[in-house]
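Read off the chains here:
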Amino acid sequence: MLKASVITVSDKGFRGEREDTAGPLAADMLRGAGYEVIARTIVPDEQPLIEAELRRHADEIGASLILTSGGTGFSKRDVTPEATLTVCERMVPGIPEAMRAYCLNITNRAMLSRATAGIYHDSLIVNLPGSPKAVRENLEPVLPALEHGLQMLLGTKSECASELNNAGPAEKEQ
């Protein structure tokens, strides 16, 4: 079972002024997909604190998949993507591209998301928006593929070719 964690980035949530509903939803979706959720935390919108928490979830807590919720918009305090870019050693642009492409069918505001994804050591970090509705809409289309990526990252799977039963229609026709 793959280990995952969720970090909510919210000034108001951190101060206890707003209930975090997006983080628990992300954790529930992970559990429903077969992940063991080993941590769920809240940090304020401060880049050094977000960076430290991302590293802590990877290095100390041992999460293979780290989801963040919040801080991906245009506000001056929205710095989750910058923290993720600073921490990650390799970027995975296809994940946020897929989330935005899927969500553009729901709302044209999807193009305003600055979410990113990348690899730090043996962990995949994926930014999600801060609202529960947006968490569900962004995580649903990518969640099925994340397990395969994590298996490749962790070295528990070495080939993609035998996976045609999980491929899309174009891949199955080849």
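Residues numbered from 1 in each chain as written. Predicted model: local features only at pLDDT ≥ 70, side-chain atom pairs only at ≥ 80, totals over all residues. Heavy atoms only, no water.

**Focus on unusual backbone geometry**
Consideration 1: The phi torsion at His-121 lies on the positive side, around 55°, for a residue other than glycine.
Consideration 2: Assignment of secondary structure puts His-121 in the loop between β5 (117–120) and β6 (123–128).
Consideration 3: Of the residues examined, His-121 reaches a relative accessible area of 40% and is grouped as partly exposed. (Helix = DSSP H or I, 4+ residues; strand = E, 2+ residues; numbered from the N terminus. Buried < 20%, exposed > 50% of the residue type's maximum accessible area, 1.4 Å probe, protein only.)

**With respect to the nonpolar core**
Consideration 1: Ranked by internal contacts, the top residues of the largest apolar core, which has 28 residues, are Leu-30, Tyr-35, Leu-65, Leu-67 and Val-126.
Consideration 2: Among the secondary structure elements, those contributing two or more residues to this core are β1 (3–9), α2 (22–32), β3 (65–69), α5 (94–104), β5, β6 and α6 (132–154).
Consideration 3: Looking at this core element by element, the count peaks at seven residues for α6.
Consideration 4: If near-sequence neighbours (up to four positions away) are discounted, Leu-67 is found in contact with Ser-5, Val-6, Ile-7, Ala-26, Leu-30, Val-126, Leu-128 and Leu-139.
Consideration 5: In terms of nonpolar packing, the next biggest core, distinct from the first, is built from 14 residues, Val-43, Ala-58, Ala-63 and Ile-125 among them. (Core = buried A, V, L, I, M, F, W, Y, C linked by side-chain atoms within 4.5 Å. Contact = heavy atoms within 4.5 Å.)

**Some points on the packing of helix α3 (residues 47–61) against helix α4 (residues 80–87)**
Consideration 1: One can describe the packing of α3 onto α4 by two numbers: an axis separation of 9 Å at closest approach and a directional angle of 50°. One way to sum up the angle between α3 and α4 is to call them oblique. Viewed along their axes, α3 and α4 form a crossing whose handedness is right-handed. The residues of α4 that touch α3, namely those facing Gln-47, Ile-50, Glu-51, Leu-54 and Arg-55, are Thr-80, Glu-82, Ala-83, Thr-84, Thr-86 and Val-87.
Consideration 2: Among the residues making up the contact of α3 with α4, the classes are represented as four nonpolar, four polar and three charged. (Axes fitted to C-alpha atoms, helices over the stretch in contact; angles between N-to-C directions. Parallel < 35°, antiparallel > 145°, perpendicular 65-115°, else oblique. Left-handed = near helix turned anticlockwise from the far one by under 90°. Nonpolar A, V, L, I, M, F, W, Y, C, P; charged D, E, K, R; others polar.)

**Observations concerning the environment of Cys-88**
Consideration 1: Of note, Cys-88 is situated in the loop between α4 and β4 (90–91).
Consideration 2: Setting aside anything within four residues of it in sequence, one finds Cys-88 in contact with Gly-118, Ile-119, Tyr-120 and Ile-125.

**Quick notes on the pattern of salt bridges**
Consideration 1: Taken as a whole, this structure holds ten salt bridges when the rule is applied.
Consideration 2: Salt-bridge contacts for Asp-20 lead to Arg-40; the nearest nitrogen and oxygen are separated by 3.6 Å. Highlighted residues: Asp-20 in the loop between α1 (11–15) and α2 and Arg-40 in strand β2 (residues 36–43), separated in sequence by 20 residues.
Consideration 3: Given a relative accessible area of 13%, Asp-20 falls into the buried group.
Consideration 4: In this structure, Glu-82 and Arg-114 form a salt bridge, with 2.6 Å as the shortest nitrogen-oxygen distance. With a gap of 32 residues between them, Glu-82 in helix α4 and Arg-114 in the loop between α5 and β5 connect regions that are remote in the sequence.
Consideration 5: Of the residues examined, Glu-82 reaches a relative accessible area of 29% and is grouped as partly exposed.
Consideration 6: If you follow the salt bridges from partner to partner, you end up with Asp-11, Glu-46 and Arg-77 in one network. (Salt bridge = Lys/Arg side-chain N within 4 Å of Asp/Glu carboxyl O.)

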